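Residues per chain are reported as follows:
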Amino acid sequence: MLDLFGHTSEENNPVWYADVILPVPIPKMFTYRIPTDLVKSLGIGFRVIVPFGSKKIVTGIVGKVHQKPPTAYDAKQILDQLDNEAVVNALQIKFWDWMASYYCCNLGEVMNAALPSGLKISSESKIQLHPHFSLEDPGLVLDKRELVILEALADKDELDMQQCADLLGVKSVHPIIKSLVAKEAVLLFEQMKEKYSPKKEVRIRMCARFAKDKKELEGLFLELKSKPKQEQVLLKYLQEVPIYQRPETNGPGMQKAGIKEAGLSQSSLHTLIKNGVFEEFQVIISRFEEISSSDKEPVLTTTQQEATREIKHHFADKQTVLLHGITGSGKTEIYVSLIQEALASGSQVLLLLPEIALTTHMVSRLLGVFGSKMGVFHSKYSDNERVEVWQGVLSGKYDFVVGVRSSLFLPFSSLGLIIVDEEHENSYKQYDPAPRFQARDSAIMLAWLHQAKVLLGSATPSFESYQNAILGKYGLVQVQERYGNAELPHYLLANINEDRRKNLLKLDMTRLLRERIQEALNRQEQVLLFQNRRGYSPFLSCEECGWTPSCERCDVSLTYHQYSEEVRCHYCGFKDQPPKVCGACGHSKISAVGLGTERIEETIGLLFPEARVARMDLDTTRSKYGYQRILEEFAARNIDILVGTQMISKGLDFDGVTVVGVMDADRMLYYPDFRSGERAFQMITQVAGRAGRRDKPGTVILQTRKPDHSIFEYILKGDYVGFFRTEMQERRRFFYPPWVKNIRITVKHKDRGTAEQAARLLVELLKDIPVKKIVLGPEKGLIGRIKDLHILEILVKLERSSQKQAVFKQALLEKVLEVGFEKPFRSVRMIIDVDPA
Ligand code: ADP
Ligand code: ZN
Ligand code: ZN
């Protein structure tokens, strides 16, 4: 028999322990004793209820079962197990474990990220009367407060802790409840609230009396002769569910809504239900439309066949292969044939995409091939939809999932292949909250656990992956030919400074760009204009003294949004009306400086009044189908010019686009980050790749103030490898990744001095760790203050040896705890980011 705190009196049997992953911020699993009666049934991946601290009862997941008692504390006992089977499998737990230790975070944080919240249970303790309890029991002594509770239970069946507290007007009810439990007056139990709720459909079917007996049915028809509306309903039903073929009484019937959709009378249907002709019932249905595969098998071109063969050849002795295929080479078709093969061999397949909403054409192509066998895991899905994909993977309904980075956490049991499309994409990195993981790198670990293969695909591979390919760690396969022999777009540089000097610049547009847009419009072709900055202009500025309004809580200037007539902070969401006068000198002439997407949209309206313009950025795509609407309009040629942020650089595949304009190529080049060159190359190549994907060749115009910057040479020639080589030499000299491994520690506090002291102490402690490294900082973050917190950054550069990294990370976690232990630094936040983007 257990007492309230899980101690037991049976001590004879060999004792088993479970390490439980708890949803609380502690670095390790907690060890509990497994009660003898659960030893047989309990295993890894089961949800259990355990006591935590002196009062709390929480739900966790068993991560390990063993016979070693903990040395630092007395193990409490598991109170109960929640399910009859594991909710996560052993491979998932191993994956979580790897992620927590690689990315320096708590296992509980990984668990939180991994389980869809629909599967997390919020448990609360409740009490009910003990079945054997009687107030007449002679030995019973109750105090006044205990009586209050028992009386309330007599007519309420159950009470939760809050209700007890309210009844008694006290904060802590535990002593009272504990005493009532000891007197066997009440029972304590956990009520689980499964947050997931299945979607239901209302159906109707014919009651047994009529369905089984033809005579009764004939009688019914006679009766309904004078009631034509009811007769019509009955006929409609028999048309859908011919009872002569299917007389079963518990059959599937038909959708109730089908009657209304057929334009028949709802009230007649209700009369028939009332009169016992039909009965209503509910069934659980999927939230996703059933789609049957309809597209033809892919017919690969010779080049694509060759690439597929090479990939498989590499898979024979390498786990990972990098597919470097130029934009428009048809990587999707290569994926399709590999996926089909993996599925046919009985394995599961995961295809990761950086952002599903932006790659609708790829998803619909895949749905066309794989139909309802394919699960889609969208970042904008509701919790219920996520749970359905999760369950679909568990039940074997989905052997193939296309999803964003969090789909790595789905309960796969036998992955054979993981494909990471656009593997260079930034959005594979999770910034906040922990686990701050890189989905591409994590995919490789997940595949390793499953003994599966990984295919990384990109037209502009990340330097990390390309380096691994060159070193022979990954297989490398190149496709240098566009499908259907479409030509790669031609690049032209447009010199902003020169046009300004010659007075040819109109509203930030060079003559070349204006002419090319006009020509495209004349030919009724489409144009994409790229500027990686939303809003109207990045800041407002006083024409007299140069003052700019900035955020009160962050060290950034406020972005002007003309559409909504406001200034906004893109870091904390602060909004205000634009200032009418200068905050410094009082002058009233304030002008907008710099280019945002809103402003470009306005410019186009002025320069090309006949063109139909739309804008695609975070502000126009907030709703679930925001992207889709714009993309559909563009595909239908209802838009001539689409202005957008990096959203338009991804996966769009439209035949009508022949001109792509990059409004400000320099903005990407001079961003203060060692990756800015790599990023600019990727971004420009990707957005350019949207042009000329069919028979019509495309032109890409890059507006710049520095046309002789060396990067343009490589971009213009499409020379990825040459660019990679030069940049890598540079990075080697200055100890940048991928030559070294970076770990960034961000220190945040309301008080700048406190943040600085804590950061300095941490740097001192880090220097003592006996692993070869470079420690830089603390330095003020690129943005020194966000939401009133001062930000300091420490950067550690480590050798690539994974063993040394592990030693360092272990020590780092200890040092961070040590600093946080110092009294003045208790409220300092220290965030570790391994491989920061
Ligand atoms: P990538 O992802 O490499 O940029 P896509 O997979 O988007 O290229 O392919 C570019 C275009 O060429 C798409 O419209 C695609 O449908 C078409 N395509 C590529 N390969 C084939 C093929 N084997 N058969 C038919 N169409 C193809
Ligand atoms: Zn001023
Ligand atoms: Zn702000």
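Residues numbered from 1 in each chain as written. Chains lettered and ligands numbered in written order. Predicted model: local features only at pLDDT ≥ 70, side-chain atom pairs only at ≥ 80, totals over all residues. Heavy atoms only, no water.

A word on the packing of helix α1 (residues 90–102) against helix α15 (residues 439–450)
Here's step 1: The interhelical angle for the contact between α1 and α15, taken along N-to-C directions, is 140°, at an axis separation of 10 Å. Taken as axis vectors, α1 and α15 run oblique relative to one another. You can see that α1 and α15 cross each other, and the crossing is right-handed. Contacts from L91, K94, F95, W98 and M99 in α1 reach D441, S442, M445, L446, L449 and H450 in α15.
Here's step 2: By residue class, the composition of the contact of α1 with α15 is seven nonpolar, two polar and two charged. (Axes fitted to C-alpha atoms, helices over the stretch in contact; angles between N-to-C directions. Helix = DSSP H or I, 4+ residues; strand = E, 2+ residues; numbered from the N terminus. Parallel < 35°, antiparallel > 145°, perpendicular 65-115°, else oblique. Left-handed = near helix turned anticlockwise from the far one by under 90°. Contact = heavy atoms within 4.5 Å. Nonpolar A, V, L, I, M, F, W, Y, C, P; charged D, E, K, R; others polar.)

Section: the site of ligand 1
Here's step 1: Residues in contact with ligand 1 amount to 16 residues; listed here are only the nearest, V299, Q304, G328, T332 and D653.
Here's step 2: At a separation of 3.1 Å, an oxygen atom of ligand 1 approaches a polar backbone atom of G330.
Here's step 3: One of the side-chain nitrogen or oxygen atoms of T332 is found 2.6 Å away from an oxygen atom of ligand 1.
Here's step 4: In the complex, 80% of the free accessible area of ligand 1, which totals 560 Å², lies under the protein chains.
Here's step 5: The biggest single contributor to the shell around ligand 1 is helix α12 (residues 331–344), with three residues.
Here's step 6: Of the residues that constitute the shell around ligand 1, the class distribution is four nonpolar, seven polar and five charged. (Near = heavy atom within 4 Å. Polar contact = N/O pair within 3.5 Å; in protein donor to acceptor, adjacent residues only side chain to side chain. Areas by Shrake-Rupley, 256 points an atom, 1.4 Å probe, with all protein chains shown as cover.)

Let's talk about a nonpolar patch on the surface
Here's step 1: A contiguous nonpolar surface patch, about 250 Å² in accessible area, is contributed by F735, I774 and L776.
Here's step 2: Turning to its location among the elements, L776 is positioned in strand β32 (residues 773–786). (Patch = residues over 30% accessible without salt bridge, like charges linked within 9 Å, V, L, I, M, F, W, Y side chains within 5 Å. Salt bridge = Lys/Arg side-chain N within 4 Å of Asp/Glu carboxyl O.)

What about the environment of R436?
Here's step 1: As for its placement among the helices and strands, R436 is situated in the loop between β17 (415–421) and α15.
Here's step 2: Residues contacting R436, with those up to four places away along its chain left out, are Y103, K429, Q430, Y431, R829, I831, I832, D833 and V834.
Here's step 3: Reaching out from R436, the side chain makes a polar contact with the side chain of D432 at a distance of 2.7 Å.

Re the sheet that holds strand β14 (residues 348–352)
Here's step 1: The seven strands are arranged β15-β16-β14-β17-β18-β13-β19 in an open sheet whose pairing can be described as parallel. The outermost strands of the open sheet, each flanked by one partner alone, are β15 (374–377) and β19 (475–479). Between one strand and the next, the sheet's axes are offset by a mean angle of 15°, whatever the strand orientation.
Here's step 2: Both β15 and strand β16 (residues 400–403) contribute to a ladder of four bridges, which runs parallel. Opposite V376, over in β16, you have V402 as the bridge partner.
Here's step 3: The strands touched by helix α13 (residues 360–370) within the sheet are β14, β15, β16 and β17, with β15 carrying the most contacts at an inclination of about 160°.
Here's step 4: Each of β13 (320–325), β14, β17 and β18 (453–458) touches α15; the most contacted strand, β17, lies at about 170° to it. (Pairing = 2+ DSSP bridges.)

Remember, this is a structural readout, not a statement about activity or role.
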